[in-house]
Amino acid sequence: MKDRAQITLIIVSVFLLNAILIAQTKEWNIEITGDDSITVKSRIAERIDEKGDEMQLIEYTATTTASVSLHNCISVLKEVSNHKEFTDDEISQKVETLSDHEWVVYYYTNPPWPVPDNDCVAKMSLSEEESQRTAIFTLSAAPSMYEMKDVRRMTYYEVTYEFKDLGTGKIEMTVASKSSPTVQFPAWMISAWFPEGPADILRTIIRLANSIQ
């Protein structure tokens, strides 16, 4: 009886701890990385999809300034094959050009077991404001704009990359993301990705931009 009571206590404790962690992640968490001072704001919440089902919602923004060319940042984002370098996808490719400033892009991810393979189709657009020396890339899920593959497809994906020339030889850059994964992840696992995950996205874009001659 004593052993059973202890086991019950452990199960209840784990359940309560997980509930507390989930409740805490619904609030925005703000962290600043080390020497490069990248500010990352994140939270894990829920949303109701078009079928009325509750889905996990992962949101974050990461912001920093860097000595890099605005023109080179734009070049990095326009070359969709670069995206896999900072999105951790296995494939990132442009599948259709809609206009000079709008494209359909495809990402394929092959994560470690037991997470199933998945993909994402998005419409990417570029907005440039010369007077404000700003460029904004916006990606929105467009699951029906490319043929279905034999994997799960992400249907909620909203990401922006914003670059602003500060006129001091530096660029202020921000990545902001809202997405629902194709499978439910434990809150602690997602939380462990912050702040370094979003920070690495910006670091990689900076590295790629500075490698352009």
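Structure first, text after, so check above.
Now for a look at the structure at hand. (Residues numbered from 1 in each chain as written. Predicted model: local features only at pLDDT ≥ 70, side-chain atom pairs only at ≥ 80, totals over all residues. Heavy atoms only, no water.)

Right, let's get into the pattern of salt bridges. Applying the stated criterion across every chain, the model contains 6 salt bridges. Where Glu-59 meets Arg-43, a salt bridge forms, and the shortest distance between an N and an O atom there is 2.8 Å. Here Glu-59 is found in strand β3 (residues 54-66), whereas its partner Arg-43 is found in strand β2 (residues 39-48), with 16 residues between them in sequence. Notably, a salt bridge pairs Asp-200 with Arg-203, separated by 2.5 Å at the nearest N-O pair. Placement of both Asp-200 and Arg-203 in helix α5 (residues 196-210) is noted, with a separation of 3 residues, approximately one turn of the helix. Where salt bridges share partners, they join Asp-36, Glu-196, Asp-200 and Arg-203 into one cluster. (Salt bridge = Lys/Arg side-chain N within 4 Å of Asp/Glu carboxyl O. Helix = DSSP H or I, 4+ residues; strand = E, 2+ residues; numbered from the N terminus.)

This brings us to the pairing of strand β10 (residues 171-179). Within a regular strand, the side chains alternate between the two sheet faces. Every second residue of β10 is oriented toward a common face, the buried set being Ile-171, Met-173, Val-175, Ser-177 and Ser-179 and the non-buried set Glu-172, Thr-174, Ala-176 and Lys-178. Of the pairings in the sheet, the one linking strand β9 (residues 157-165) to β10 comprises 9 bridges and is antiparallel in character. Residue pairing for β10: Glu-162 is matched across the bridge by Thr-174. Turn length for the β9-β10 hairpin, with the two strands adjacent in sequence and antiparallel, is 5 residues, and the turn residue Gly-167 shows positive phi of about 75°. (Buried < 20%, exposed > 50% of the residue type's maximum accessible area, 1.4 Å probe, protein only. Pairing = 2+ DSSP bridges.)

The next thing to look at is the side chain of Asn-118. One can find Asn-118 in strand β6 (residues 118-129). Within polar-contact distance, the side chain of Asn-118 engages the backbone oxygen of Pro-116 at 3.3 Å. Residues within four places of Asn-118 in sequence aside, it is in contact with Tyr-107, Tyr-108, Thr-109, Pro-111, Val-151, Arg-152 and Thr-182. (Polar contact = N/O pair within 3.5 Å; in protein donor to acceptor, adjacent residues only side chain to side chain. Contact = heavy atoms within 4.5 Å.)

Turning our attention to the pairing of β9. Relative to β9, strand β7 (residues 134-141) runs antiparallel, the two being bridged by 7 bridges. Bridge pairing in β9 links Phe-137 to Tyr-161.

Moving on, we come to unusual backbone geometry. Between Trp-113 and the following residue, Pro-114, the backbone shows a cis peptide bond with an omega angle of 10°. Mapped onto the secondary structure, Pro-114 falls in the loop between β5 (102-109) and β6. Along the chain, Phe-194 connects to Pro-195 via a cis peptide bond; the corresponding omega equals 0°. For Arg-133, which is not glycine, the phi dihedral falls at a positive 50°.

Let us now look at the side chain of Ser-92. Here Ser-92 lies in strand β4 (residues 91-99). At 2.8 Å, the side chain of Ser-92 forms a polar contact with the backbone oxygen of Val-80. Within the structure, Ser-92 has its side chain in polar contact with the backbone nitrogen of Lys-84 (distance 2.9 Å). When residues no more than four places from it in sequence are discounted, the contact partners of Ser-92 are Val-80, Ser-81, Asn-82, His-83, Lys-84, Tyr-106 and Tyr-107.

Applying the stated criterion to the full structure yields 6 aromatic pairs. Note on Tyr-106 and Tyr-146: the rings are 5.0 Å apart at their centroids and 55° apart in plane angle, and the pair reads as tilted. A residue pair is termed long-range when its members are at least 10 positions apart, and Tyr-106 in strand β5 and Tyr-146 in the loop between β7 and β8 (152-154) qualify at 40 residues. Judged by relative accessible area, which is 5%, Tyr-106 ranks as buried. Chaining the aromatic ring pairs together yields one cluster made of Tyr-60, Trp-193 and Phe-194. (Phe/Tyr/Trp six-rings, centres within 6.5 Å; stacked < 30°, edge-to-face > 60°.)

Moving on, we come to helix α2 (residues 70-78). An α-helical segment advances 3.6 residues per turn. Residues three or four places apart therefore align on the same side. Along α2, the positions that sit buried rather than exposed are Leu-70, Asn-72, Cys-73, Ile-74, Val-76 and Leu-77. Taken together, the buried residues of α2 touch α3 (83-87), β6, β7, β9, β10 and α5. The opening residue of α2, the one whose side-chain oxygen lies 3.1 Å from the backbone nitrogen of His-71, is Ser-69.

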